[in-house]
Amino acid sequence: MKKARQPVFYLLFFSGLIFILFLIMQPLSVIHFRDYITVIFPEGIVGTDERNLLLIIQALMLVIVLPVYILTFVFSWKYNANNPKGSYDPDLVDNTAAEFIWWGVPLILTAIVSVLTWVKTHQLDPFKPLESDRKPLTVQVIALQWKWLFLYPEQQVASLNFLQIPVDTPIRFEITADAPMNSFWIPDLGGQIYAMPKMKTILNLMASNTGDFRGSSANISGEGFASMHFITRSSTDEDFQKWITEAKESSQKLDFKSYNQLTSPSQGNPATTYSLQDTHLFEQIINKYMHPIAKE
C-alpha cells in the first residue's frame, strides 16, 4: 500500500471499528434509543403516521443517494490511473439510456414524494378531528411565562404543569398564550403547534398506550424556557376519572381573579390541580387582548 493512501485507510478502518464497538456495547433493544429520539418511537396514532411519512420519504430519497455513493467508489476504483483494466472513452456523449436514468428516476421520485406529502399533510391536519367511536375530550391549553396551564371545562378542573388524559380517547386541544408566543409539543403523541396571544389554535391527538410522556415548549421564550416542561400521563378511564374526582376536591380554586395572580412570570412550578370555578375562563383570556370595536 502506498504511503499516500495509508492515512485514508487507517481513518476508515478505525472509524468502522469504533462504530462496530458502539453497536456491540449497546443492547439490541430500542429502549435506550427511544429515550433520546421519542419521535421515532411514538405512543400515539398521529405521531405514528408522522413517523411513517418521515421514514417513507427518507427511503425514497435513499433510492437516489445510495447509488450515487456506491457509484462514486466504483468509478473511483475502475477509472483510477493505476487500474490497467479501466477503460476511458472521452468521445462517449449523448448516452440515451444514461440520460433517462439520471433525469427520469429523480423526476419520478420527486413526483411521488410531492404527491405523498400533499396527501398526508391534509390527512394530518391538526385541526381535523380524529376518527374514533369515543367522545373527544376537550383540553384548553394556556402558555404562560414559564409554565403550562390546562383547563378541563367539561370536568370543571384545571392543572398546572401536568396533563392527564385517558388512553385511546381523541383529545381536542384548544391552545392560546397569555405570554410571548410559544409552541405546545408532546413528541410521543405528535407534532408541535404554536400558541399565540389573542388566537386559538387546535391540535387533535390521541395516546395509544398508557404511560408518562414529556411535554415541553418547542419555541425559545426567555430565561425560563429550559424549565417549561410538563408530564403528560396517559391512563385508563378509571384512573382518569379518579384524578378528575380528586382535582374537583382540591382546595385550590381557579377563577379569573386567581388566574391573574398565576400569570406572573415564574420558573420551576410544581404540578398543581385546581377546581375550575369559571368554565369560560379560556374565552376570557383570549378576549382580554381584543380591542373594542370603534363606534362610528
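Since the model is a prediction, treat every value here as computed from it, not as a measurement.

Novice: I would appreciate a short explanation of a nonpolar patch on the surface in the present structure.
Specialist: Judged by side-chain polarity, Met61, Leu62, Val65, Leu66, Tyr69, Ile70, Leu71, Val74, Phe75 and Tyr79 come together as a nonpolar surface patch covering roughly 930 Å² of accessible area. The residue Tyr69 is located in helix 3 (residues 45-78) in this model. Relative accessible area serves as the criterion here: at 54%, Tyr69 is assigned to the exposed category.

Novice: What am I meant to see in the nonpolar core here?
Specialist: Counting 32 residues, the largest nonpolar core has Val139, Phe150, Tyr152, Leu163, Phe173 and Phe184 as its most contacted members. Within the residue set of this core, elements represented by two or more residues are strand 1 (137-144), strand 2 (147-152), strand 4 (162-166), strand 5 (171-177), strand 7 (193-195), strand 8 (201-205) and helix 5 (237-248). Residues within four places of Tyr152 in sequence aside, it is in contact with Leu137, Thr138, Val139, Val157, Ala158, Ser159, Leu163, Gln164, Phe240, Trp243 and Leu276.

Novice: Looking at this model, I keep getting lost on the packing of helix 3 against helix 4 (residues 96-123). Mind explaining?
Specialist: The description of two packed helices rests on the angle between their axes and on the distance between the axes. Running from N to C, helix 3 and helix 4 cross one another at 175 degrees; their axes reach a closest spacing of 10 Å. Judged on the interaxial angle alone, helix 4 and helix 3 are roughly antiparallel. In this structure, helix 3 uses Leu53, Ile56, Ile57, Leu60, Val63 and Ile64 to contact helix 4, whose residues at the interface are Val105, Pro106, Leu109, Ile112, Val113, Leu116, Thr117 and Lys120. In terms of residue class, the contact of helix 3 with helix 4 is made up of 12 nonpolar, one polar and one charged.

Novice: Sorry, what's going on with unusual backbone geometry here?
Specialist: Glycine aside, negative phi is the norm for most residues, and most peptide bonds take the trans geometry. Along the chain, Gln145 connects to Trp146 via a cis peptide bond; the corresponding omega equals -10 degrees. You can see Trp146 is positioned in the loop between strand 1 and strand 2. Backbone geometry at Gln156 places phi at a positive 60 degrees, although glycine is not the residue there. Assignment of secondary structure puts Gln156 in the loop between strand 2 and strand 3 (157-160). Classification of Gln156 by relative accessible area gives partly exposed; the value is 43%. Not every positive phi belongs to a glycine, and Asp168 is a case in point at roughly 60 degrees. Assignment of secondary structure puts Asp168 in the loop between strand 4 and strand 5.

Novice: When you look at the pattern of salt bridges in this model, what are you seeing that I'm missing?
Specialist: Any two side chains of opposite charge can pair if their charged atoms end up close together. The tally for this structure, following the rule as stated, stands at five salt bridges. Its salt-bridge partner being Arg172, residue Glu174 comes within 3.3 Å of it at the nearest N-O pair. Overall, the relative accessible area of 28% leaves Arg172 in the partly exposed class. Two residues, Arg233 and Asp212, come together in a salt bridge whose shortest N-O distance is 2.8 Å. Pair noted here: Arg233 is in strand 10 (residues 229-235) and Asp212 is in strand 9 (residues 211-217), with a separation of 21 residues, a long-range link. Given the relative accessible area of 46%, Asp212 is considered partly exposed.

Novice: Looking at this structure, I do not really get helix 5. What am I missing?
Specialist: The end-to-end C-alpha distance of helix 5, which contains 12 residues, comes to 17 Å, matching closely the 16 Å that a straight helix rising 1.5 Å per residue would cover. Taken together, the buried positions of helix 5 are Phe240, Trp243, Ile244 and Ala247. Each buried residue of helix 5 lies within a common arc of 100 degrees when the element is viewed along its axis, so the set occupies one face. More than 90 degrees from the buried face of helix 5, the exposed residues found are Glu238 and Lys242. Those residues of helix 5 hidden inside the fold are in contact with strand 1, strand 2, strand 3, strand 4, strand 10 and strand 12 (272-276).

Rules used throughout
Residues numbered from 1 in each chain as written. Predicted model: local features only at pLDDT ≥ 70, side-chain atom pairs only at ≥ 80, totals over all residues. Heavy atoms only, no water. Patch = residues over 30% accessible without salt bridge, like charges linked within 9 Å, V, L, I, M, F, W, Y side chains within 5 Å. Areas by Shrake-Rupley, 256 points an atom, 1.4 Å probe, with all protein chains shown as cover. Salt bridge = Lys/Arg side-chain N within 4 Å of Asp/Glu carboxyl O. Helix = DSSP H or I, 4+ residues; strand = E, 2+ residues; numbered from the N terminus. Buried < 20%, exposed > 50% of the residue type's maximum accessible area, 1.4 Å probe, protein only. Core = buried A, V, L, I, M, F, W, Y, C linked by side-chain atoms within 4.5 Å. Contact = heavy atoms within 4.5 Å. Axes fitted to C-alpha atoms, helices over the stretch in contact; angles between N-to-C directions. Parallel < 35°, antiparallel > 145°, perpendicular 65-115°, else oblique. Nonpolar A, V, L, I, M, F, W, Y, C, P; charged D, E, K, R; others polar. Expected span 1.5 Å × (residues − 1). Arc of directions from axis to C-beta.

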